[in-house]
Amino acid sequence: MDSAESPDGPAARTVTLGVDLAASARRTAVCRAVWTREGLSTAEFVVPDGDEDLLAMVREADKTGLDCPLGWPSDFVATVVAHHQGLRPPPAARFAERTDGRPGLDPLRYRLTDDLTWKATATRPPLSVSTDLLGVVALRAARLLDALAAAGAPVPRDGSGAVAEVYPAAALRLWGIRLDRSYKSAAPEARSAREHVVRSLEAGLARTLPEPLRTRCADSHDHLDALVCALVARAVLAGDTRWPRSPEERAATRREGWIHLPGPDLGALRRSTG
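Residues numbered from 1 in each chain as written. Predicted model: local features only at pLDDT ≥ 70, side-chain atom pairs only at ≥ 80, totals over all residues. Heavy atoms only, no water.

Peer 1: How should the packing of helix 7 (residues 188-205) against helix 9 (residues 221-237) be read in this particular structure?
Peer 2: Running from N to C, helix 7 and helix 9 point in directions that differ by 20°, and their axes come no closer than 11 Å. Our classification of the angle between helix 7 and helix 9 gives roughly parallel. In terms of crossing hand, the pair formed by helix 7 and helix 9 is left-handed. On the side of helix 7, the interface is formed by Arg 194, Val 197, Val 198, Leu 201 and Leu 205, while helix 9 contributes His 221, Leu 224, Leu 227, Val 228 and Leu 231. The residue inventory of the contact of helix 7 with helix 9, partitioned by class, reads eight nonpolar, one polar and one charged. (Axes fitted to C-alpha atoms, helices over the stretch in contact; angles between N-to-C directions. Helix = DSSP H or I, 4+ residues; strand = E, 2+ residues; numbered from the N terminus. Parallel < 35°, antiparallel > 145°, perpendicular 65-115°, else oblique. Left-handed = near helix turned anticlockwise from the far one by under 90°. Contact = heavy atoms within 4.5 Å. Nonpolar A, V, L, I, M, F, W, Y, C, P; charged D, E, K, R; others polar.)

Peer 1: Looking at this structure, how should I read the pairing of strand 1 (residues 14-20)?
Peer 2: As a general feature of sheets, a regular strand has side chains that alternate between the two faces. Among the seven residues in strand 1, seven count as buried, and that is most of the element. Both faces of strand 1 are covered, namely the face carrying Thr 14, Thr 16, Gly 18 and Asp 20 and the face carrying Val 15, Leu 17 and Val 19. Pairing of strand 1 with strand 2 (residues 29-36), which is carried by seven bridges, proceeds in the antiparallel orientation. Bridging from a neighbouring strand, Thr 16 pairs with Ala 33 of strand 2. Judged from the four bridges that link them, strand 1 and strand 4 (residues 63-66) form a sheet pairing that is parallel. In the sheet register, Val 19 faces strand 4, and the bridge partner there is Leu 66. (Buried < 20%, exposed > 50% of the residue type's maximum accessible area, 1.4 Å probe, protein only. Pairing = 2+ DSSP bridges.)

Peer 1: Is there a simple way to explain helix 4 (residues 112-121) in this structure?
Peer 2: Residues that lie three or four places apart on an α-helix share one face, since the helix turns once every 3.6 residues. Along helix 4, seven of the ten residues are buried, which leaves the element largely enclosed by surrounding structure. Buried within helix 4 we find Leu 112, Thr 113, Asp 114, Asp 115, Thr 117, Trp 118 and Thr 121. Of the surrounding elements, those touching the buried residues of helix 4 are helix 6 (168-174) and helix 10 (247-256). Positive phi appears at Ala 122, one or two residues downstream of helix 4, with a value of about 55°.

Peer 1: Even after reading the chapter, I still don't get the sheet that holds strand 5 (residues 163-165), so can you show me in this structure?
Peer 2: Two orientations exist for strands paired in a sheet by backbone hydrogen bonds: parallel and antiparallel. Strand order in the open sheet made by the five strands is 3-2-1-4-5, with mixed pairing throughout. Single-partner strands in this sheet number two, and they are strand 3 (39-46) and strand 5. Each strand of the sheet is rotated relative to its neighbour by a mean of 20°, with strand direction disregarded. Strand contacts of helix 9: strand 1, strand 2, strand 3, strand 4 and strand 5, with the helix running at about 140° to strand 1, the strand carrying the most contacts.

So yeah, pure geometry; function would need other evidence.
Encoded structure:
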């Protein structure tokens, strides 16, 4: 469904959760944001006491933005199943344009939503959930989402349920926050880049963020990503993200997941349509 088909915009008071998921609870960063009709009211970082506490926070939020793939490439899954059964792998040729110049491997490494995100942002593709360390994080996400479903809160992979998959780096680029260096390291230049991102977010939101939150974002790219996840979750609620449109996209999304890319106007998050 596209943004016109998404649920009505956010109500008078909504809560979004941003989760920069890691393989361990210790490395996971979580941001909780409260919104009113005037825009962002408060935002803070919270530290869940284990997975059950994190799941409780997800249930209490109106929408959670999760920085982690919700599925694996279908061609990768089919190839692994065939290999496990001693069968020949099926042909894999989904993308007309290869993302990294290695014909035959990209359909096993990248999901359809990864390919679309790469093309929409004109930058390098997201990390591969099947061939990078991100796969370990995705295993944790699968366990968490299964726990939500078992408790009566199914998580459709298109983001229409409690959780939407988001990609902070792509969101920043689509909001026009361009960086000449990576913000994901301990180098002084990276800290300067994170400070630039925070100032740009404040300008777009017309809101000065609390000093403890600003400092944590400057110190840690994980926490900055969690904040961005919470902002994109708001965009999902407001109908300001791209949903699967074509039959191919809808079919792939049910299995592989879908990255919600926000519209270009960060200021749209200040305006409630509810």
